[in-house]
Amino acid sequence: MHQAAHWEHFEHVADMGVRGFGPTPAEAFSQAALAMTATICEPDSINPRTAVPFELEDDDLDYLLLDWLNALVYEMATRRMLFGRFEVAIEDGQLRATAWGEPVDVARHQPAVEVKGATLTELSVQQIGDQWVAQCVIDV
Amino acid sequence: MDLGKLEKIDENSWRIPQTGAMRVPGVLYGSEALIRAMDDKVHEQLSNVATLPGIVEAAYAMPDAHWGYGFPIGGVAAFDPEQGGIISAGGVGFDISCGVRTLHTGLTPREIIDRQKDLADALFHRIPAGLGSTGAIHLNDAEMDAMLRGGAAWALERGYGVPEDLAHIEENGRMSGADTEQVSALAKKRQRDEMGTLGSGNHYLEVQRVTEIFDETLAAAFGIRLDDIKVSIHCGSRGLGHQIGSEYLKRMAQAAASHGIELPDRELACAPINSDLGQSYLGAMRAGINCALANRQILTHLARGVFGDLFPHARLDLLYDVSHNTCKLEEHRVNGEKRMLHVHRKGATRAFGPGHPALPEPLRPHGQPVLIGGTMGTASYILAGTEEGMTRAWGSACHGAGRSMSRHQATRDYTGRQVQDELAARGILVRSPTQRGIAEEAPGAYKDVADVVWAAHHARLARLVCKVEPMVVIKG
């Protein structure tokens, strides 16, 4: 049976590991992004009212994941936004995505940390059975 | 960590023997209990650092070492550019020049207690803290470059601080060799509104009371007496440093093969110091150091404003400002011979010994103040660099408590309100924009910083001077 797309955190004492699962790399990327948001606040608390587009390119899926998470970190920092919903398409090393979110509302979102960036530690995008798993440690 | 994999050098130092691709051994400092409790990943990461080209003498781990990315946090390693030595973005960390500065106040505990709530509220109001906060200073392109070249000296020229501050900051407040051309437009844009902000996570501003003196002579030399009130600020280079770190980590990983560097793990991403990429990172990282120094200088100015309003006779003179995520070119003795080495300190504090020319005149005979941040419910410590530390770990010591519990586990075990109430009952007022942030930073989620600083003391990396305990904590 096909397992639904989902995400989880994995333990890293100082920082945090994010891991997304999905039937395609694109879905696993989307779930990894959700896992990253969840290190900051409850993803459900974010109102998806503004869409931000992303276009990235790397033939190596690992580095594409790194770029994707870092692009989100950058947009969160410079727009002072949080994102709670993601749509990702990946074709021939080209990533096209939309992230939906809203400006940070400290009282409502209760953000715990600020993500500094995605790291190469435990970075991998691989197919395990019929699932794609996209993961890395992020510096918080 | 399995002690069976280590050779005991003495009670507080342990060796990872040189095997396989390791060019030098690994050396860990800490008591048997600390080493036993240390993550096995430290062993793996330290052994990997020991394989990197141009490493000199040993890869070192401080008593608070834990699993990082590439280098362990609490890792120290020196590289010789003449021997093909490398520089690593992961060996510095994303929060370039993150550090601690401590200020005197001349105030007494009684004065603070009488106005403790007003002080906490005023500091929280004036110091931008937490995710999404912005400073009052917005830099245009020319000012951004001037800040990245000038560091705390730039801040002073703009009216943030007094001239006496600079001598009490590493590099006299201005890291030379910063190359603003090597800092991307994205990194600069990310910093534009973040000058004078504290950040979040484990960053803080604390009002502290000196509760114990361990070394009367050194304390007197540092201007510290029992029951003094100090102010400490822990933060770094904000978005600019994070962006530089992220960008160069990937570039170094992708370019390693072209430099003929075989990485045991790509997280060790690095480039030869004498390569275009190595020099480019060095220039950008030095600009990142200046950003952190300018940031702490502006925060100091804001804190002085608050204290000036509430306590007109307070004098917030700077004791010292240390950085604990850096790579610096320093002269060290190797087998009696002077050599210029690029010393990476990732989660490790520079701790120069007595007589070092980099120290300002009044402090020089005593060694550099080493400022170690604890948790908001326990204590922080001030130590002094030692002569022996210069040869034992390139003049370096620990940097903090280190987490014992993941953030996730901390939110399961604590609530922000509960932590805040418990600390308030003990006379510690915590102000933060976020309850979850307080829960994740609960004192119980950290190792006992006392064990770490005593281990650094017994390992002769630095000498314990005094203990300070928080009265007011502003958390990002």
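Sequence positions are assigned chain by chain, starting from 1 and proceeding in written order. To read the labels, note that chains go from A and ligands from 1, taken in the order they are written. Residues qualify for local features only when their pLDDT is at least 70, as the model is predicted, and side-chain atom pairs are given and counted only at 80 or more; totals for whole chains, interfaces and linings, by contrast, use all residues. The basis for every side-chain value is the complete set of non-hydrogen atoms in the structure, without hydrogens or water.

(A) Main features of the overall build of chain A. Per the secondary structure count, chain A includes 3 helices and 8 strands. Strands here are runs of E lasting at least two residues and helices are runs of H or I lasting at least four, both read from the DSSP assignment and numbered beginning at the N terminus. When the elements of chain A are put in sequence order from the N terminus, they spell out β-β-α-β-α-β-β-α-β-β-β. A radius of gyration in this sense is built from C-alpha atoms; the matching globule rule multiplies 2.2 Å by the number of residues raised to 0.38. Against the 2.2 N^0.38 benchmark of 14 Å for 140 residues, chain A shows a C-alpha radius of gyration of 14 Å, consistent with a compact globule. Principal-axis analysis of the C-alpha atoms places the extent of chain A at approximately 40 × 35 × 30 Å. Burial classes: relative accessible area under 20% of the type maximum marks a residue as buried, over 50% as exposed, and values in between as partly exposed (1.4 Å probe, protein chains only). Here chain A, with 140 residues, has 64% of them falling under the buried criterion. By definition, residues are in contact when any of their heavy atoms lie within 4.5 Å. Long-range contacts, defined as pairs at least 24 residues apart, comprise 61% of the intrachain contacts of chain A with a sequence gap of at least 6. The accessible surface values rely on the Shrake-Rupley method and a 1.4 Å probe; as for residues, cover is taken only from the protein chains in view. Of the roughly 5,400 Å² of accessible surface on chain A, 46% is carried by carbon and sulfur atoms. Positive charges come from Lys and Arg alone, negative charges from Asp and Glu alone, with His and the N- and C-terminal ends not counted. To locate a charge, take atom NZ for lysine, CZ for arginine, CG for aspartate or CD for glutamate. Each charge class in chain A was averaged separately, 8 positive and 23 negative side chains, and the resulting centres sit 11 Å apart.

(B) Structural context of the overall build of chain B. The helix and strand tally for chain B stands at 14 helices and 19 strands. Scaling as 2.2 N^0.38, a compact globule of 476 residues should have a C-alpha radius of gyration of about 23 Å, and chain B matches this with 21 Å. Each principal axis of the C-alpha distribution contributes one length, and for chain B these read about 60 × 50 × 50 Å. The proportion of buried residues among the 476 residues of chain B is 66%. For chain B, contacts bridging at least 24 residues in sequence account for 77% of all contacts bridging at least 6. Accessible surface computed for chain B: about 15,600 Å², of which carbon and sulfur atoms make up 48%. In chain B, 50 side chains carry a positive charge and 57 a negative one; their mean positions are 2 Å apart.

(C) Seen up close, the interface of chain B and chain A. Facing the 45 residues of chain B at the interface are 42 residues of chain A. Salt bridges are counted wherever a side-chain nitrogen of Lys or Arg sits within 4 Å of a carboxyl oxygen of Asp or Glu. Our count for the contact surface shared by chain B and chain A stands at 7 salt bridges. Between aspartate 58 of chain A and lysine 250 of chain B there is a salt bridge, with its nearest N and O atoms 3.0 Å apart. Distance and chemistry together define a polar contact, namely a pair of N or O atoms within 3.5 Å, with one atom able to donate a hydrogen and the other to accept it when in protein, and with adjacent residues in sequence counting only for side-chain atoms on both sides. There are 17 residue pairs in polar contact (both at pLDDT 80 or more) connecting chain B and chain A. Those elements that provide at least two residues to the side of chain B that touches chain A are helix H6 (185–191), helix H8 (238–255), helix H11 (407–413) and helix H13 (435–440) of chain B. Here the side of chain B that touches chain A gets 8 residues from one element, more than from any other, and that element is H8 of chain B. Each residue is assigned to one of three groups, with Ala, Val, Leu, Ile, Met, Phe, Trp, Tyr, Cys and Pro labelled nonpolar, Asp, Glu, Lys and Arg labelled charged, and all others, Gly among them, labelled polar. Among the residues making up the side of chain B that touches chain A, the classes are represented as 11 nonpolar, 20 polar and 14 charged.

(D) Local environment of a negative patch on the surface. All names here are of chain A. A contiguous patch of negative charge on the surface is contributed by Glu57, Asp59, Glu91 and Asp92. Examined against the element boundaries, glutamate 91 turns out to sit in strand S4 (residues 81–91). Residue classification places glutamate 91 among the exposed positions, given a relative accessible area of 59%. Excluding any residue in a salt bridge, patches collect residues exceeding 30% relative accessible area, merging like charges within 9 Å and nonpolar Val, Leu, Ile, Met, Phe, Trp and Tyr side chains within 5 Å.

(E) View of the packing of helix H4 (residues 116–126) of chain B against helix H9 (residues 276–310) of chain B. All names here are of chain B. The geometry of H4 relative to H9 is characterised by a closest axis approach of 10 Å and an angle of 145 degrees between their N-to-C directions. Here H4 runs over H9; the crossing is right-handed. Across from Asp118, Leu119, Ala122, Leu123 and Arg126 in H4, the residues of H9 making contact are Leu302, Ala303, Gly305, Val306, Phe307, Asp309 and Leu310. Broken down by class, the residue content of the contact of H4 with H9 amounts to 8 nonpolar, 1 polar and 3 charged. Between N-to-C directions, angles cover 0 to 180 degrees, with each direction set by a line fitted to C-alpha atoms, over the stretch in contact for helices. For a crossing to be left-handed, the near helix must be turned anticlockwise from the far one by less than a right angle; the clockwise case is right-handed.

(F) Looking closely at the pattern of salt bridges. Residue and element names in this part refer to chain B. In this structure the tally under the stated criterion is 52 salt bridges over all chains. Note that arginine 345 and glutamate 330 form a salt bridge whose closest N and O atoms lie 2.8 Å from each other. Of this pair, arginine 345 sits in strand S13 (residues 337–346) while glutamate 330 sits in strand S12 (residues 325–334), placing them 15 residues apart in sequence. Residue class for arginine 345 comes out buried when judged on its relative accessible area of 1%. Among the ionic pairs, arginine 407 bridges to glutamate 441, the shortest N-O distance being 2.9 Å. With arginine 407 in helix H11 and glutamate 441 in the loop between H13 and helix H14 (449–458), this pair connects stretches of sequence that are 34 residues apart. This pair shows no difference in class: arginine 407 is buried, exactly as glutamate 441 is. Three or more residues joined by partner-sharing salt bridges are found here, namely Arg403, Arg407, Arg436, Glu440, Glu441 and Lys475.

(G) Fine view of the sheet that holds strand S5 (residues 94–103) of chain A. All names here are of chain A. As summarised here, the arrangement of the 3 strands in space is S3-S5-S4, forming an open sheet in which the pairing is antiparallel. The two strands at the open ends of the sheet, each matched to only one other strand, are strand S3 (50–57) and S4. When the angles between neighbouring strand axes are averaged without regard to direction, this sheet yields 20 degrees. If DSSP finds at least two bridges between two strands, the strands pair. The sheet contact formed by S4 and S5 spans 10 bridges and is antiparallel. Looking across to S5, one finds that arginine 85 is bridged to tryptophan 100. Strands in contact with helix H1 (residues 25–40) are S4 and S5; relative to S4, the strand with the most contacts, it is inclined by about 165 degrees. Seen against the sheet, helix H2 (residues 61–79) touches S3, S4 and S5 and runs at an angle of roughly 145 degrees to S3.

(H) How the structure looks around the sheet that holds strand S1 (residues 7–10) of chain B. Residue and element names in this part refer to chain B. Spatial ordering of the open sheet is given by S1-S2-S3-S4-S5-S13-S12, a layout of 7 strands whose pairing is mixed. Two strands bound the open sheet, and with one partner strand each, they are S1 and S12. Neighbour-to-neighbour, the strand axes of this sheet turn through a mean angle of 25 degrees, independent of strand direction. Strand direction decides the pairing type here: S12 and S13, joined by 10 bridges, are antiparallel. For valine 334, the partnering residue across the bridge sits in S13 and is glutamate 337.

(I) Region of interest: the side chain of serine 97 of chain B. All names here are of chain B. Secondary-structure assignment places serine 97 in the loop between strand S6 (86–88) and strand S7 (99–104). Relative accessible area serves as the criterion here: at 0%, serine 97 is assigned to the buried category. At a separation of 2.8 Å, a polar atom in the side chain of serine 97 contacts the side chain of serine 323. The contacts of serine 97, once residues within four sequence positions are left out, are Cys235, Gly236, Gly288, Ile289, Ala292, Leu293, Arg296, Ser323, Asn325 and Thr326.

(J) Seen up close, the nonpolar core. Remark: nonpolar core denotes a set of buried residues (Ala, Val, Leu, Ile, Met, Phe, Trp, Tyr, Cys) joined through side-chain atoms within 4.5 Å. Trp68 and Leu72 of chain A together with Leu28, Leu119, Tyr281 and Phe307 of chain B are the most contacted members of the largest nonpolar core, which totals 150 residues. Counting residues per element, this core draws most heavily on H9 of chain B, which supplies 16 residues. Discounting residues that sit within four places of it in the chain, tyrosine 281 of chain B has contacts with Ile87, Ser88, Ala89, Val92, Ile96, Ile244, Tyr248 and Met252 of chain B. Formed by 38 residues, the second largest nonpolar core is a distinct cluster that contains Tyr60, Leu341, Ala348 and Ala351 of chain B.

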